[in-house]
Amino acid sequence: MSGVQLIQVTEDEGEQRLDRWLKKRFPQLTQGQIEKMCRTGQVRVDGGRAKAADRIAPGETIRVPPVAEGEAPVRERVAGISPQDAKMIQACVLWKDEHIIVLNKPPGLPSQGGSGQGDRHVDGLTEALKFGYKDRPKLVHRLDKDTSGVLLLARTDRVARALSEALRHRLTRKIYWAVVAGVPHPRQGSIKFHLMKAPGRGRGGEGEKMICIHPAEAKDHPDAKRSQTDYFTLWFLGTRLSWMALEPVTGRTHQLRAHMAEIGHPILGDGKYGGSAADNQGDGWGAGIGGDLSRKLHLHARSIAFEHPITKKEVSFTAPLPEHMKRTWKALDWKEEDVPADPFKAFGGR
């Protein structure tokens, strides 16, 4: 707990609301706490009472009462977000600076709203990720609802555009981990089937199912888009299951899920593309092997690496596995430290 502080507003801090200045200086304070301190006269500007919405000017002295150190628990709703959801999404933050926020998105939480998705999604919870800044951060890309892992948000339109361009021009490296049925042969390779949407609407708000089209037949399907997934088999259990590293060279809807299913090795727990079936175990189809393994989707955005659009430094982030995948790794005696972080680079890839 700090004592009473008298802080002078600097030149670059002037002409902003008092509550926003306080949030930046003391991010552990909630909006309710700030308004109460102003209402009771604990916060003063040049010795006088002030409202949370009053604008401050350079050179003014702000009296700040004793403030608890560290992060304070969320006790109130943030713009319609429950305290539980605000706490949950803030706990997902892997790293943040004044330009970018990196989340480890939990499985089951959609990236954005849409048909069948409801009101609870990452984009709808970004008010709780402002951390004292004026604007809500913006999603740079998406993950499927049941896919967990690294998700980027930008604090400004400029940074969002720069990161989107890096993704579009393949200057960003994304590596996913997955558990698939069977063992791919060869153990390392590329899948280059084009992808197009199947007719009709998908369930659960995830859109239509994607259909794989062989490149030789792509000319007959003008809606089919060129797609490529590089894969590397990190570990396997007999002929039943494999631990895969997947790198989406392109970024199509359901690309990894559709591509792995097309080569006969659907992702464990993927009901849409055959990974929850219990038949045809011998040729890889159907990953419902029972036992202690979860039936949830085993697809996780493990890491991302890119050039920071402002500092121009190379940065990389790794997301811990979700609980259901941790249990699978434990059941199969797989160790995360036994495999390279980037097998494509370690074994001669790009």
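Rules of the game
Residues numbered from 1 in each chain as written. Predicted model: local features only at pLDDT ≥ 70, side-chain atom pairs only at ≥ 80, totals over all residues. Heavy atoms only, no water. Helix = DSSP H or I, 4+ residues; strand = E, 2+ residues; numbered from the N terminus. Buried < 20%, exposed > 50% of the residue type's maximum accessible area, 1.4 Å probe, protein only. Contact = heavy atoms within 4.5 Å. Arc of directions from axis to C-beta. UniProt positions renumbered as here; feature names shortened; annotations may be inferred. Core = buried A, V, L, I, M, F, W, Y, C linked by side-chain atoms within 4.5 Å. Domains from an automatic or database assignment.

Take the overall build of the chain next. Tallying secondary structure elements over the chain gives 7 helices and 18 strands in all. Looking at the chain as a whole, 48% of its 350 residues are labelled buried. In the chain, once contacts between residues fewer than 6 apart in sequence are set aside, the share between residues at least 24 apart is 64%.

Another aspect to go through is helix H6 (residues 323–331). Within H6 the residues assigned to the buried category are His-324, Met-325, Thr-328 and Trp-329. For H6, the angular spread of the buried residues around the axis is 140 degrees, confining them to a single face. Summarising the contacts, the buried residues of H6 are in contact with strand S11 (173–181), strand S16 (241–248) and strand S17 (299–307). One or two positions beyond H6, positive phi appears at Asp-333, with a value near 60 degrees.

For the rest of this paragraph, the subject is the UniProt feature "active site" (unreviewed entry) in the chain. Residues annotated in UniProt with the feature "active site" (unreviewed entry) correspond here to Asp-144. Residue position: Asp-144 is located in the loop between strand S9 (138–139) and strand S10 (148–154).

A word on the nonpolar core. The nonpolar side chains of a soluble globular protein tend to be buried with one another. Counting 35 residues, the largest nonpolar core has Ile-89, Leu-103, Tyr-176, Leu-246, Met-260, Ile-267 and Leu-299 as its most contacted members. At the level of secondary structure, the elements contributing two or more residues to this core comprise helix H3 (83–91), strand S8 (100–105), S10, S11, strand S14 (210–213), S16, helix H5 (255–262) and S17. Here this core gets 4 residues from one element, more than from any other, and that element is H5. A domain-level breakdown of this core finds at least three residues from each of domain 2 (83–169) and domain 3 (174–201 + 208–278 + 286–332). If we skip the residues at most four places from it in the chain, Tyr-176 touches Leu-143, Thr-147, Met-244, Ala-245, Leu-246, Pro-248, Leu-256, Leu-299, His-300, Ala-301 and Arg-302. In terms of nonpolar packing, the next biggest core, distinct from the first, is built from 18 residues, Val-9, Leu-22, Val-43 and Ile-62 among them.

Let us now look at H5. A large share of H5 lies buried, amounting to 7 of its 8 residues. Considered for burial, the residues of H5 that qualify are Gln-255, Leu-256, Arg-257, Ala-258, His-259, Met-260 and Ala-261. Just past H5, the residue Gly-264 takes up positive phi, approximately 90 degrees.

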